[in-house]
Amino acid sequence: MSAPTHRKTLRWQIARVLSVRDETPSARTFRLALPDPRPHLAGQHYVVRLTAPDGYTASRAYSIASAPSGDPEIELTVERLPDGEVSEFLHDVVEIGDELEVRGPIGGGFFAWPGDTPALLVGGGSGVVPLMAMLRHARSIGRPDLVRLVVSARTEADLYYAAELPGPETTVVLTRSGRGRLTAADLAPLVRGGEDVFVCGSPAFCDTVTDLLAAVGVPVASIRTERFGPSA
Amino acid sequence: MAITRGFTGRRARDPRLPPGQYDARDEWPVLHIESTPSLDTARWTFGIEGLVERPVSWSWDEIHALPRSRYAGDIHCVTTWSKFGMTFDGVSVDTLLDAAGPLPAATHAEILTHSGYTTNLPLADLTGGKAWVVWDADGKPLTREHGGPARLLVPHLYFWKSAKWVSGLRLLDHDEPGFWERNGYHDRGDPWSEQRYQGD
């Protein structure tokens, strides 16, 4: 028998750029006003589509950095990639007041934190973006105790959301300027048992963290990973 | 379609690129939602079940004993990258289905994997030389992160249909949306029609 399924139709809408903010020298956060806002979960993403006068389009997906708030506004943090057709445009051309075509939120319940269960979040580089939405969500609903966030960045300058990270629920590991890579000893004290674990970063980062978590007894079935970027 | 202020599009369009795609060139991006499973080929199986005359299951050695089939061509991911001129070696899904004997009522397939991921396809998109179970990419064994030891290959559709770590097909008399399809992605996923999300 076929179970009834919920199929969502997502339409393109034209968002207005409300603000542009630098996170690091290569990452920038865009605050967008949505004419047709839809509730999102921390961990989902939006697609941004650029259209040239001749009809040529380019689109890319970007994680939502802001917490679900009920506001008709979202924030997307975009890493500038070398030769990144869309990310370079967003960094170099887009200004406050511009209009951008977007569609979302996309991504289902799998890599999304509903906000009512304990969660361990481990992010590398720009992989922290969806996890920051989860931490912001936890803080905004007054349940930061539910979340533990571990962020791995190369140096202080590469750290996204640096001003918001200090807190009892966060751990920052600096791999170049600090004392080196994330280890099982960093993760073991943060594991409570029974939590959902969200890992986001490069494929190598996700595989390394998954192995570390397994080594400290986290069931692999409770680990959800979202990986991006090229592979060797 | 709204024109974006200041955007001209930098690249000359390659006619092999479906709309909205870019050429990933030497890169083969990885994007999947599960932890990468580590599958032992000694215990790997691929099976066909559901609306068939005889359910069939192959071991790693048994599937390698079937006639080989190669795909040489392009692949397209819904996340907008495409790769040109790849080769994949494996076995045609036609060969596998012939062994199981689909019943006339079978119209769709649910694709099953060793990771729990699922996706759905009309049977017509799996037959007629359009789909493979493959274990080599560009002459080398598929790596774990690209779905090794074996994945489905349906290169005329977006690549989320080419399920990694494939474990089998279940033939059905109706369409049963899989993981991404329940989460807003299109049921079929034709890159040339830009069937990315439900409603496209």
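Predicted model, so just to flag it, every value in this text is computed and none were measured.

Regarding the overall build of chain B
Looking only at helices and strands, one finds three helices and 11 strands in chain B. Put simply, chain B runs from its N terminus to its C terminus through helices and strands in the order β-β-β-α-β-β-α-β-β-β-β-β-β-α. Whereas a compact globule of 200 residues would reach a radius of gyration of roughly 16 Å, chain B reaches 17 Å, a difference of no more than 12%. Principal-axis analysis of the C-alpha atoms gives chain B an extent of 60 × 35 × 30 Å.

Regarding the side chain of Arg-103 of chain A
With respect to the helices, strands and loops of the structure, Arg-103 of chain A is situated in strand E6 (residues 99-106). Ignoring anything within four residues of it in the chain, the contact list for Arg-103 of chain A reads Leu-10, Arg-11, Trp-12, Tyr-46 and Val-47 of chain A together with Arg-196, Tyr-197 and Asp-200 of chain B.

Things to note about the domain arrangement of chain A
Residues and elements named next belong to chain A. You can read the domains of chain A as domain 1 (7-106) and domain 2 (119-227). Contacts between the two partners involve 17 residues from domain 1, matched on the other side by 15 residues from domain 2. Around 1,200 Å² of area is buried between domain 1 and domain 2 when both sides are counted, 58% of it from carbon and sulfur atoms. Among the residues of domain 1 in contact with domain 2, Glu-23, Ala-42 and Ala-65 are the three that bury the most area, contributing 30% of the side total. Where domain 1 meets domain 2, there are zero salt bridges. On inspection of domain 1 and its partner domain 2, the count reaches four residue pairs in polar contact (both at pLDDT 80 or more). Broken down by secondary-structure element, the contributors of at least two residues to the side of domain 1 that touches domain 2 are strand E1 (13-24), strand E2 (27-33) and strand E5 (73-79). Taken together, the residues that form the side of domain 1 that touches domain 2 break down as seven nonpolar, six polar and four charged.

Describing the sheet that holds strand E9 (residues 170-174) of chain A
Adjacent strands of a sheet pair through backbone hydrogen bonds, lying either parallel or antiparallel. All names here are of chain A. The strand order across the open sheet built from five strands is E9-E8-E7-E10-E11, with neighbouring strands paired in parallel fashion. The open sheet has two edge strands, E9 and strand E11 (223-227), and neither has a second partner. This sheet shows a mean twist of 10° between the axes of neighbouring strands, independent of strand direction. As paired elements, strand E8 (residues 147-153) and E9 share five bridges and run parallel to each other. Its bridge partner lying in E9, Val-150 is registered against Thr-171. Contacting strand E7 (119-124), E8, E9 and strand E10 (196-201), helix H2 (residues 128-140) runs over the sheet at an angle of about 145° to E7. In the packing of helix H4 (residues 203-215) onto the sheet, the strands contacted are E7, E8, E10 and E11, and the crossing angle to E10 comes to about 150°.

Considerations on the sheet that holds E1 of chain A
Residue and element names in this part refer to chain A. Strand order in this open sheet of six strands is E4-E3-E6-E1-E2-E5, and the pairing throughout is antiparallel. Across the chains shown, the open sheet's two edge strands, defined by having one partner strand only, are strand E4 (57-63) and E5. Averaged over all pairs of adjacent strands, the angle between strand axes in this sheet comes to 40°, irrespective of strand direction. Lying on the sheet, helix H1 (residues 85-92) is in contact with E2, strand E3 (45-51), E4, E5 and E6; it crosses E4 at an angle near 80°.

What about the environment of Thr-79 of chain B?
Residue and element names in this part refer to chain B. Along the chain, the position of Thr-79 falls in the loop between strand E4 (69-76) and strand E5 (81-92). Once the C-alpha coordinates of Thr-79 and Tyr-158 are considered, the two residues, 79 residues apart in sequence, prove to be 9.0 Å apart. Contacts of Thr-79, omitting those with residues within four sequence positions, involve Tyr-22 and Leu-31. A polar contact of 3.3 Å, which involves the side chain of Thr-79, links it to the side chain of Trp-81.

About the thresholds
Residues numbered from 1 in each chain as written. Chains lettered and ligands numbered in written order. Predicted model: local features only at pLDDT ≥ 70, side-chain atom pairs only at ≥ 80, totals over all residues. Heavy atoms only, no water. Helix = DSSP H or I, 4+ residues; strand = E, 2+ residues; numbered from the N terminus. Rg over C-alpha atoms; globule rule 2.2 N^0.38 Å. Contact = heavy atoms within 4.5 Å. Domains from an automatic or database assignment. Buried area = accessible area lost by both parts, 1.4 Å probe. Salt bridge = Lys/Arg side-chain N within 4 Å of Asp/Glu carboxyl O. Polar contact = N/O pair within 3.5 Å; in protein donor to acceptor, adjacent residues only side chain to side chain. Nonpolar A, V, L, I, M, F, W, Y, C, P; charged D, E, K, R; others polar. Pairing = 2+ DSSP bridges. Axes fitted to C-alpha atoms, helices over the stretch in contact; angles between N-to-C directions.

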